[in-house]
Amino acid sequence: IFNITSSDPKSLKDLFLELKLHFPKIECVFLKREKNVPTRGGLDISKARKLLGYKPKYKFKKGIKEYIKIENRFINA
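S.K.: Lay out the overall build of the protein with the relevant residues and their values.
M.R.: In terms of regular secondary structure, the protein is built from 3 helices and 0 strands. In the protein, the order of α-helices and β-strands from amino to carboxyl end is α-α-α. Rg of the C-alpha trace for the protein: 16 Å, well past the compact-globule value of 11 Å for 77 residues, more than 25% over. Across its three principal axes, the protein shows a C-alpha extent of roughly 45 × 40 × 15 Å. For the protein, with 77 residues in total, the buried portion stands at 10%. Total accessible area on the protein stands at roughly 7200 Å², and carbon and sulfur atoms take up 58% of it. The distance from the centre of the 19 positive side-chain charges to the centre of the 8 negative ones in the protein is 4 Å.

As structure tokens, this is what we get:
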């Protein structure tokens, strides 16, 4: 099993705020975290780096922009 991430942890709130920059009309309701739900940190990608030579290509913000660009190609096709 390999963790394939940018190894720079982001929350769902971070994702929402970044998407809001691109789609200003989107809305989200944030609920309080349930007491029994653990918080998470970043995932360790060292195994993927070592065995697969994995290196993240994009940081969070650039990755979101690229993803939107790719999706727009399909939508506008």
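The rest of the description comes next.
S.K.: Please give an account of helix α3 (residues 60-75) that cites residues and values.
M.R.: Here α3 spans 22 Å end to end across 16 residues, near enough to the 22 Å set by a 1.5 Å rise per residue. Where α3 is buried, its residues contact α1 (12-22).

S.K.: Explain the packing of α1 against α3 to me, and be specific about the residues and the numbers.
M.R.: Following both chains from N to C, one finds α1 and α3 inclined at 50°, their axes separated by 11 Å at the closest point. Classified by the angle between their axes, α1 and α3 sit oblique to one another. Handedness of the crossing formed by α1 with α3: right-handed. Within the contact between the two elements, α1 uses Asp-14, Leu-15, Glu-18, Leu-19 and His-22 and α3 uses Phe-60, Lys-61, Ile-64, Lys-65 and Ile-68. Grouping the constituent residues of the contact of α1 with α3 by class yields 5 nonpolar, 1 polar and 4 charged.

S.K.: Go over the packing of aromatic side chains with me, naming the residues and quoting the values.
M.R.: Here the structure, examined in full by the defined rule, presents 1 aromatic pair. Across from the ring centre of Phe-30, 5.9 Å away, lies the NZ or CZ of Lys-13, which sits over that ring. The ring of Phe-2 carries the charged tip of Lys-47 above its face, separated from the ring centre by 5.1 Å.

S.K.: So what's going on with the confidence of the model for the protein? Residues and values would help.
M.R.: Looking at the protein, pLDDT values average 89 and 99% of them are 70 or higher. Within the protein, no element has a lower average pLDDT than α3, which sits at 91, and none a higher one than helix α2 (residues 46-52), at 95.

S.K.: Can you tell me about the side chain of Glu-18, naming the residues and giving the values?
M.R.: Mapping Glu-18 onto the fold places it in helix α1. Among all residues touching Glu-18, those that are not within four sequence positions of it are Phe-60, Lys-61 and Ile-64.

Analysis parameters
- Residues numbered from 1 in each chain as written.
- Predicted model: local features only at pLDDT ≥ 70, side-chain atom pairs only at ≥ 80, totals over all residues.
- Heavy atoms only, no water.
- Helix = DSSP H or I, 4+ residues; strand = E, 2+ residues; numbered from the N terminus.
- Rg over C-alpha atoms; globule rule 2.2 N^0.38 Å.
- Buried < 20%, exposed > 50% of the residue type's maximum accessible area, 1.4 Å probe, protein only.
- Areas by Shrake-Rupley, 256 points an atom, 1.4 Å probe, with all protein chains shown as cover.
- Lys, Arg positive; Asp, Glu negative; His and termini not counted.
- Charge placed at Lys NZ, Arg CZ, Asp CG, Glu CD.
- Expected span 1.5 Å × (residues − 1).
- Contact = heavy atoms within 4.5 Å.
- Axes fitted to C-alpha atoms, helices over the stretch in contact; angles between N-to-C directions.
- Parallel < 35°, antiparallel > 145°, perpendicular 65-115°, else oblique.
- Left-handed = near helix turned anticlockwise from the far one by under 90°.
- Nonpolar A, V, L, I, M, F, W, Y, C, P; charged D, E, K, R; others polar.
- Phe/Tyr/Trp six-rings, centres within 6.5 Å; stacked < 30°, edge-to-face > 60°.
- Lys NZ or Arg CZ within 6 Å of the ring centre and 35° of its normal.
- pLDDT = per-residue confidence, 0-100.

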